[in-house]
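Take a look at the letters that make up each chain.
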Amino acid sequence: MIEVSNSSIYRVAFIGCGKRAHEHAIGIKADSRLEVVALSDISSASAETLNTEFGFQANIYTDHKEMLAKEKPDVVLICLWTPLHLPVFRDCAEAGAKAVLCEKPMSATWGECQEMSRIAEETGCQLTFSLQRRFAKGNQTVRRLIAEGWIGQVIRMDLYSPPNLLDCGIHTFDQAISYMNETPAKSVLGAVDTTEIYNWFNVPSECGASGQVVFANGVQANLYSGAIDTWEPDGDVSKIWAGVRVIGSEGFIEVMWDGQIVRGVNYADASWKPEMELSSMSDQMIGYVSHAIDCLQSGEEPEASHRKALRASEIIFAVYESVRRNARVMLPLADVTDSPFITMLENGQFAK
């Protein structure tokens, strides 16, 4: 088990120095407990750009294993394409990193997602994923309003996501789970649209999906992903293309990914309007990084822990498995280690 001092200045390293690394760097730069000592990227120019932009004065490497061995960082940021998450996290954990903040999604297959969690549990390396929207002020407000009973008992949800489920849907599923005090799903029935096949960070995906998710507390959720034309009773197209509509026994709240409250209604009080609190991506990344370091010092489970990311990821792979089985899938998801979507694609099951 890794021991952590509460008074540490943590040595930080980045693996991958592209666009997302710049967004993570905002959170790193804002925390006085963190000192960036090394940057690794196969493009030394990308690492130099990140170094210059944030004034890190870090050592530059093109081989992350060499960097881990020489620099021995306490905290590592993995900002790489999805298929690289598992092998690079394994390298970090084996090198003795105390915490890894990894870009989402977890990995390209369900078995690899589970393996990342297993390594984290076995080594004691704190693993979080950049589900930074949990730190949006609006999402925090919605969680509080639901807990305070402003819409009564939650009975149904509508879940909206751009394509695709693996890279985008994980935010929506995580948002929904967070609104229900981390309640996991218990069954999934799904369908995918393969009119077009997309490629997101070297992982093939559907161009749309739909289905039903039933959570362990009995809440039923409808899933919509892709091109969304959802009509409201007044004839306006729904503004929620990425987020959640939470329907309770006494009202409802509609929320976008970043916590923008589109509408809130309490059936008994027509004057009630939930307060709107907006936060930028930079604010969210600062909150995500700061909280991860707080938890590294306290030993508490982080808000964006691998366990929570695994719950959201399980829904995604269950949608794909439902398509493969042509049936509802009960969770926990058993006897599945691949990505059913990728397997079906490679087998020609989506051929036009």
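Criteria and cut-off values
Note on numbering: residues in each chain are counted from 1, in written sequence order. A pLDDT threshold of at least 70 governs which residues receive local features in this predicted model, and a stricter bar of 80 or more applies before side-chain atom pairs are shown or counted, although totals over entire chains, interfaces and linings include all residues. Heavy atoms from the whole structure form the basis of all side-chain values; hydrogens and water molecules are not counted. UniProt positions are given in the numbering used here, feature names are shortened, and annotations may be inferred rather than shown by experiment. Boundaries between domains were set according to an automatic or database domain assignment. Residue contacts follow a heavy-atom distance rule, with two residues in contact if any of their heavy atoms lie within 4.5 Å. When two parts are put together, the accessible area they lose, computed with a 1.4 Å probe and summed over both, is reported as buried area. In this description a helix means any DSSP run of H or I spanning at least four residues, a strand means any run of E spanning at least two, and both kinds are numbered starting from the N terminus. At least two bridges found by DSSP between two strands are what make those strands a pair. Under this scheme, a helix contributes an axis fitted over its contacting stretch, all axes are lines through C-alpha atoms, and angles between N-to-C directions fall in the 0 to 180 degree range. To pair, rings of Phe, Tyr and Trp, with the six-membered ring standing in for Trp, must have centres within 6.5 Å; the planes then decide the type, stacked if under 30 degrees apart, edge-to-face if over 60, and tilted in the middle. Definition of nonpolar core: a set of buried residues of the types Ala, Val, Leu, Ile, Met, Phe, Trp, Tyr and Cys, connected through side-chain atoms within 4.5 Å. For every residue, the accessible area obtained with a 1.4 Å probe (protein chains only) is divided by the maximum for its type, and the residue is called buried under 20%, exposed over 50%, and partly exposed between those limits. Whenever a carboxyl oxygen of Asp or Glu lies within 4 Å of a side-chain nitrogen of Lys or Arg, that contact is scored as a salt bridge.

Named according to an unreviewed UniProt entry, the protein is Gfo/Idh/MocA family oxidoreductase originating from Paenibacillus albus. Looking at the protein in UniProt, the text filed under Sequence similarities (unreviewed entry) is "Belongs to the Gfo/Idh/MocA family."

Caption draft 1: Here's a closer look at the domain arrangement of the protein. What the domain assignment lists for the protein is domain 1 (10-132 + 284-305) and domain 2 (134-279 + 312-347). Taken over C-alpha atoms, the centre of domain 1 sits 27 Å from the centre of domain 2. On the side of domain 2, 24 residues touch domain 1, which itself brings 22 residues to the contact. In total, domain 1 and domain 2 occlude about 2,000 Å² of area from one another, counting both sides; carbon and sulfur atoms represent 63% of this.

Caption draft 2: Representation of the UniProt feature "domain: Gfo/Idh/MocA-like oxidoreductase N-terminal" (unreviewed entry) in the protein in the model. Under the present numbering, the feature "domain: Gfo/Idh/MocA-like oxidoreductase N-terminal" (unreviewed entry) in UniProt falls on residues 11-128. In the segment residues 11-128, helix accounts for 46% and strand for 22%; the C-alpha atoms at its two ends are 17 Å apart.

Caption draft 3: How the structure looks around the sheet that holds strand β1 (residues 10-15). Strand order in the open sheet formed by six strands is β3-β2-β1-β4-β5-β6, with parallel pairing between adjacent strands. Only two strands of the sheet have a single neighbouring strand rather than two, namely β3 (59-61) and β6 (126-129). In this sheet, neighbouring strand axes are inclined to one another by 20° on average, regardless of whether the strands run parallel or antiparallel. Sheet topology places β1 next to strand β2 (residues 34-40); six bridges connect them, and they run parallel. Considered in β2, the bridge of Y10 is made with L34. Across the sheet, helix α8 (residues 281-298) lies against β1, β2, β4 (75-78), β5 (99-102) and β6, angled at about 160° from β6, the strand it touches most.

Caption draft 4: Spatial organisation of the packing of aromatic side chains. Counted by the stated rule, this structure contains 12 aromatic pairs. In this structure an aromatic cluster arises from ring pairing among W110, F317, Y320, F341 and F350.

Caption draft 5: Examining the sheet that holds strand β7 (residues 154-161) more closely. The eight strands are arranged β15-β14-β13-β7-β12-β11-β8-β16 in an open sheet whose pairing can be described as mixed. The sheet is open, and its two edges are formed by β15 (261-266) and β16 (329-330), each paired on a single side. As paired strands, strand β8 (residues 185-193) and β16 are joined by two bridges and run antiparallel to one another. Bridge assignment links S187 to a residue of β16, and that residue is M330.

Caption draft 6: Looking closely at the nonpolar core. Core analysis: the biggest nonpolar cluster contains 105 residues, and F14, F89, V100 and M157 have the highest contact counts within it. In terms of residues, this core owes the most to one element, helix α9 (residues 306-325), which gives 10 residues. Looking at which domains feed residues into this core, each of domain 1 (10-132 + 284-305) and domain 2 (134-279 + 312-347) supplies at least three.

Caption draft 7: Looking closely at the pattern of salt bridges. Tallied over the full model, the rule gives 28 salt bridges. Between D258 and R133 there is a salt bridge, and its shortest N-O distance comes to 2.9 Å. Remark: R133 occurs in the loop between β6 and α6 (137-147) and D258 occurs in the loop between β14 (251-256) and β15; sequence separation between them is 125 residues. Both residues of the pair, D258 and R133, count as buried. Measuring nitrogen to oxygen at the nearest pair gives 2.8 Å for the salt bridge that ties R245 to E254. The same class applies to R245 as to E254, namely buried.

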